[in-house]
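Residue strings, one per chain:
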Amino acid sequence: MEAYFDNSATTKVLDSVKDIVVKTMTEDYGNASAKHRMGMEAENYIKEARSIIAQNLKVQEKEIIFTSGGSESNNMALIGTAQAYRRSGNHIISSNIEHASVYNPLGYLEEQGFEITFLPVDSQGHINLDELKEAIRPDTILVSVMYVNNEVGAVEPVEEISKVIKTKNPDTLFHVDAIQAYGKFQIRPKRQGIALMSVSGHKIHGPKGVGFLYVDQQVKIKPLIYGGGQQRGMRAGTENVPGVAGLGAAVKEIYTNHQEKMDKLYELKDYMTGRLQELEGVYINSRPGRESAPQIVSASFEGVRSEVLLHSLEERGIYVSSGSACSSRHPGVSGTLKGIGVRQDLLDATLRFSFGIFNTREEVDYAVDVLKELLPVLRRYK
């Protein structure tokens, strides 16, 4: 049996995604910038995907910029905005549990003379709103906080963060890395006070190598890529028609009967949490039920190194990820796990189980049964 529990790393594409990707690679394969019929047909796929996403977010189509994925979206949001607003200030705020695709661009901006403040998180993985308020200054141009943490599934209070920002400094922009949140939550950037938002296609059963950045029309942003003027000059380069079309198809399907799909993920999450708690020396780091995201369970296994357990599970057809994945600021140690107060001896004994719409309770049972066999043996040889 095989059990793939690494959906926060990447997901299996939906049949509707596969079909449209193949069609745009083999039949409607024109360049969307070309002036002939084949080009116009290709452009229609991009228009359709942009329309699907804009309607889903309740935003304008021109506010969606297609990118190569989450990392480019985060880089564009941070660097492009910082460069555009440099005359207004040089202070940026983020948290100490962000993804490397946020940390590293912020590190680059620090080298360029920007001042970066990283806020700590509490045991639930949330930033402190009072500390945020205290950190915002007249020269703060941007706050960047992830919607859902990729390691433990903590959900940040996005709307409350937005209100604090607007109360303290209405000119400060709010960027949200929604790469682990989009497809799991109904997100409304206008209502939630989000000025920029990053999304990746392959986290929602869409293709790899494609994503988008939502940019509120009132926000100024400088492009990272210059060239032929595609996407209103905001992101040059021949458009990835198969990727964009596949992304549109994934968004459409994921948000059809969405609540039903998410209820299933929450049930699987709770079931996995309950089964793992049957095992001795296992500690759950994710918040229960709907207090955290529906697709992530982080668990620490006393007395076993995470890498050893990961590969032992892999040999039995069970795929998970290490909860101590390196961050750019803490090589070899998870800033998230340290941030929420996980015991020192468990930092390198943590795995992440992450679910997608194809997972089943039978796979959970199989994984836990294998863990029951493996843990006593591996603990003996630690």
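For the structure given in this document, a descriptive report is provided here.

1. A look at the packing of aromatic side chains
Throughout the structure, instances matching the rule amount to 7 aromatic pairs. Measuring from ring centre to ring centre gives 5.7 Å for Tyr 147 and Phe 185, while their planes differ by 25°; the resulting arrangement is stacked. Of this pair, Tyr 147 sits in the loop between strand 5 (140–146) and helix 6 (158–168) while Phe 185 is found in the loop between strand 6 (173–177) and helix 7 (189–192), placing the two residues 38 residues apart along the sequence. Tyr 147 sits in the buried class, given a relative accessible area of 7%. Overall, Phe 185 belongs to the buried group, its relative accessible area being 17%. Ring centres of Tyr 182 and Tyr 255 lie 5.4 Å apart, and the angle between their planes is 50°; on these two criteria the pair is classed as tilted. Residue Tyr 182 is located in the loop between strand 6 and helix 7, and its partner Tyr 255 is located in the loop between helix 8 (241–254) and helix 9 (258–276); the two are separated by 73 residues in the primary sequence. Of the two residues examined, Tyr 182 and Tyr 255, each falls in the buried class. Ring pairs connect the aromatic residues Phe 5, Phe 301, Phe 353 and Phe 355, which therefore count as one cluster. Above the face of the Tyr 283 ring, Arg 343 is positioned so that its terminal group lies 5.1 Å from the ring centre. Over the aromatic face of Tyr 271 sits the side chain of Arg 361, whose NZ or CZ is 3.8 Å from the ring centroid.

2. Points about the sheet that holds strand 13 (residues 350–354)
Spatially, 4 strands are ordered 9-10-13-12 in an open sheet, and the strand pairing comes out antiparallel. Each end of this open sheet is capped by a strand with a single partner; those strands are strand 9 (282–284) and strand 12 (321–322). Sheet analysis places strand 12 next to strand 13, joined by 2 bridges and oriented antiparallel. Across the sheet, Ser 322 pairs through a bridge with Leu 351, a residue of strand 13. Set on the sheet, helix 9 makes contact with strand 9, strand 10 (296–301) and strand 13; between it and strand 10 the angle comes to about 10°. Here helix 12 (residues 361–380) sits on the sheet and contacts strand 9, strand 10 and strand 13; the angle it forms with strand 10, its principal contact strand, is near 35°.

3. Let's talk about the sheet that holds strand 8 (residues 211–215)
Sheet strands associate in pairs through backbone hydrogen bonding, adopting either a parallel or an antiparallel arrangement. The strand order across the open sheet formed by 7 strands is 2-8-7-6-5-3-4, and the pairing between neighbours is mixed. This sheet does not close on itself; its edge strands, each paired only once, are strand 2 (64–67) and strand 4 (115–119). Shown here is a sheet whose adjacent strand axes are inclined to one another by a mean of 20°, direction ignored. Summarising the sheet, strand 3 (residues 91–95) and strand 4 pair through 5 bridges and their orientation is parallel. In the sheet register, Ile 93 faces strand 4, and the bridge partner there is Thr 117. Docked against the sheet, helix 2 (residues 37–57) engages strand 2, strand 7 (196–200) and strand 8, running at close to 125° with respect to strand 2.

4. Some points on the nonpolar core
Among the nonpolar cores identified, the biggest contains 66 residues, and Leu 132, Tyr 147, Tyr 182, Ile 187, Met 197 and Phe 212 are the most heavily contacted of them. Ignoring any residue separated from it by four or fewer positions in sequence, one finds Phe 212 in contact with Ile 53, Leu 57, Ile 64, Ile 65, Phe 66, Thr 67, Ser 73, Tyr 182, Met 197, Ser 198, Val 199 and Leu 247. One finds Ala 3, Phe 301, Leu 313 and Ile 318 within the second-largest nonpolar core, a separate group that totals 30 residues.

5. Remarks on the pattern of salt bridges
A pair can form between side chains of opposite charge whenever their charged atoms are brought close. A complete count under the given rule lists 19 salt bridges for this structure. A salt bridge links Arg 287 to Glu 291; the nearest nitrogen and oxygen atoms lie 2.9 Å apart. Residue classification places Arg 287 among the partly exposed positions, given a relative accessible area of 29%. The exposure class of Glu 291 is partly exposed, given its relative accessible area of 43%. Asp 345 is paired through a salt bridge with Arg 343; the nearest N and O atoms lie 2.8 Å apart. By sharing partners, the salt bridges in this structure join Arg 275, Glu 278, Asp 365, Asp 369 and Lys 372 into a single network.

6. Observations regarding unusual backbone geometry
Note on backbone geometry: most residues besides glycine have negative phi, and most peptide bonds are trans. Of note in the backbone geometry, Gln 231 takes a positive phi value of approximately 50° without being a glycine. For Gln 231, the location among the structural elements is in the loop between strand 8 and helix 8. Within the chain, Arg 232 stands out as a residue other than glycine whose phi angle is a positive 55°. Within the secondary structure, Arg 232 sits in the loop between strand 8 and helix 8. By relative accessible area, which is 57% here, Arg 232 ends up exposed.

7. So, the environment of Phe 301
For Phe 301, the position within the fold is in strand 10. For the pair Phe 301 and Lys 166, spaced 135 residues apart in sequence, the C-alpha to C-alpha distance is 42 Å. When near neighbours in sequence (up to four residues on either side) are disregarded, Phe 301 contacts Leu 276, Gly 281, Val 282, Leu 309, Leu 346, Ala 349, Leu 351, Phe 353, Leu 371, Leu 375 and Arg 379.

8. Describing the side chain of Thr 67
Along the chain, the position of Thr 67 falls in strand 2. Dropping the residues within four chain positions of it, Thr 67 is found in contact with Glu 72, Ser 73, Gly 209, Val 210, Gly 211, Phe 212, Leu 213 and Arg 235.

Calculation criteria
- Residues numbered from 1 in each chain as written.
- Predicted model: local features only at pLDDT ≥ 70, side-chain atom pairs only at ≥ 80, totals over all residues.
- Heavy atoms only, no water.
- Phe/Tyr/Trp six-rings, centres within 6.5 Å; stacked < 30°, edge-to-face > 60°.
- Helix = DSSP H or I, 4+ residues; strand = E, 2+ residues; numbered from the N terminus.
- Buried < 20%, exposed > 50% of the residue type's maximum accessible area, 1.4 Å probe, protein only.
- Lys NZ or Arg CZ within 6 Å of the ring centre and 35° of its normal.
- Pairing = 2+ DSSP bridges.
- Contact = heavy atoms within 4.5 Å.
- Axes fitted to C-alpha atoms, helices over the stretch in contact; angles between N-to-C directions.
- Core = buried A, V, L, I, M, F, W, Y, C linked by side-chain atoms within 4.5 Å.
- Salt bridge = Lys/Arg side-chain N within 4 Å of Asp/Glu carboxyl O.

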